[in-house]
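The primary structure of each chain is shown beneath.
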Amino acid sequence: MDRAVLIREVYDRLLAHLGPQGWWPGDGPFETIAGAILTQNAAWANAEKALANLRAAEAMSWPAIRALPEEELALLVRPSGYFNAKARKLKAFADYMAGRGDTLDGTSGAKELRAELLAVHGIGPETADDIVLYAAGLASFVIDTYTQRIVDRLGIAPERRSYDAYQALFEDALPADAPGYNEYHALLDAHAKAVCTKREPRCGACVLLDLCPTGAARSPGPGTRSP
Ligand code: SF4
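Note that the structure is a prediction, hence the values are computed from the model and not measured.

Asks: I tried to follow the site of the ligand on my own but got confused; where do I start?
Replies: As a matter of local geometry, the ligand sits amid Arg153, Val195, Cys196, Pro201, Cys203, Cys206, Leu209, Cys212, Thr214 and Gly215. Classifying every residue of the shell around the ligand gives seven nonpolar, two polar and one charged.

Okay, here's the thing in C-alpha cells:
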C-alpha cells in the first residue's frame, strides 16, 4: 500500500476504534507553551507540578516570568527536572514573547511561526510543533517517540530518520488541518500506550494488524510459530 494511503487508513481505523480523543493540552496559550517546555525530558506529571508552583506564585504569564529572577524561577520549576536549563528556556521564551506583544496572534502561517520558534533558545522541533499546533492553533504535525515507534513498526519509516522526515510523511499525506493533526497525534499516543507498547506490543488485539509487517512477524499464522 502507498505510504500516504496507509497513513490515512491508519487514522480512519484508530478513530473508528478509539473514537475522538478530545485532547487539547493546557489551559490557554501560556500554560500550553510553558508545559511544552517543562515536559522536555520529563514525565507530564512532573511538568504539572512545576506548573502548579508557577500558579501558586502567580507567575502564569510572560510578564510575570520576565519579572522573576532566574534563580527563583528555577526553584519553582524544580519538579520538572533540569530546572536551571528550563528556567533559562522560559526566560528566553518570555523575551521572545515580549517582542510579539505577548501574543501569538497575527502569525502569517504555521511554517513561518515554526521557523521563528526554532530560533528561540531551547525550542526544538517537537516543542515548536506543540506550540504551533496547540497554542497557535495552526497545522503543524507533532512527532514524538510514540508516533515514531508506530511508523517504524508499520514499515514506512522515512529513509532519513530525521524529525522533519517523519513529519513530512504525515503532512504530505493529510490536508493541513489543525484539529485533524491534533486528533491524529492523540490517537497515535493512545494506541502506543495501550496496544503498540514499547515492549510486548499486543498485536493480536491491534486494529492495524493486517497492515503491519511487525505484527505479522509476531503473530502465529498457518505453518508459522510466534517468535
Ligand atoms: S500490529 Fe503490533 S506492532 Fe503493528 S501497530 Fe499493531 S501493535 Fe504495533
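We are not done yet, so read on.
Asks: Explanation requested: the domain arrangement of the protein in the structure shown.
Replies: Often, the extent of an interface is quoted as the loss of accessible area upon association of its parts. Split into domains, the protein comes out as domain 1 (3-21 + 142-205) and domain 2 (29-135). The distance between the C-alpha centroids of domain 1 and domain 2 comes to 26 Å. Facing 11 residues of domain 1, the contacting portion of domain 2 comprises eight residues. Of the roughly 750 Å² buried between domain 1 and domain 2, counting both surfaces, carbon and sulfur atoms make up 54%. For the pair domain 1 and domain 2, the number of links is two salt bridges.

Asks: Help me understand unusual backbone geometry in this model?
Replies: It is generally the case that most residues other than glycine have a negative phi and that most peptide bonds are trans. The backbone phi angle of asparagine 41 is positive, close to 50 degrees, even though this residue is not glycine. Inspection of the secondary structure assignment puts asparagine 41 in the loop between helix H2 (29-38) and helix H3 (44-56). A residue is classified by how much of its surface remains accessible, and asparagine 41, at 67% relative accessible area, is exposed. For aspartate 102, which is not glycine, the phi torsion reads 60 degrees and is therefore positive. Along the polypeptide, aspartate 102 turns up in the loop between helix H6 (83-98) and helix H7 (110-118).

About the criteria used
Residues numbered from 1 in each chain as written. Predicted model: local features only at pLDDT ≥ 70, side-chain atom pairs only at ≥ 80, totals over all residues. Heavy atoms only, no water. Near = heavy atom within 4 Å. Nonpolar A, V, L, I, M, F, W, Y, C, P; charged D, E, K, R; others polar. Domains from an automatic or database assignment. Contact = heavy atoms within 4.5 Å. Buried area = accessible area lost by both parts, 1.4 Å probe. Salt bridge = Lys/Arg side-chain N within 4 Å of Asp/Glu carboxyl O. Helix = DSSP H or I, 4+ residues; strand = E, 2+ residues; numbered from the N terminus. Buried < 20%, exposed > 50% of the residue type's maximum accessible area, 1.4 Å probe, protein only.

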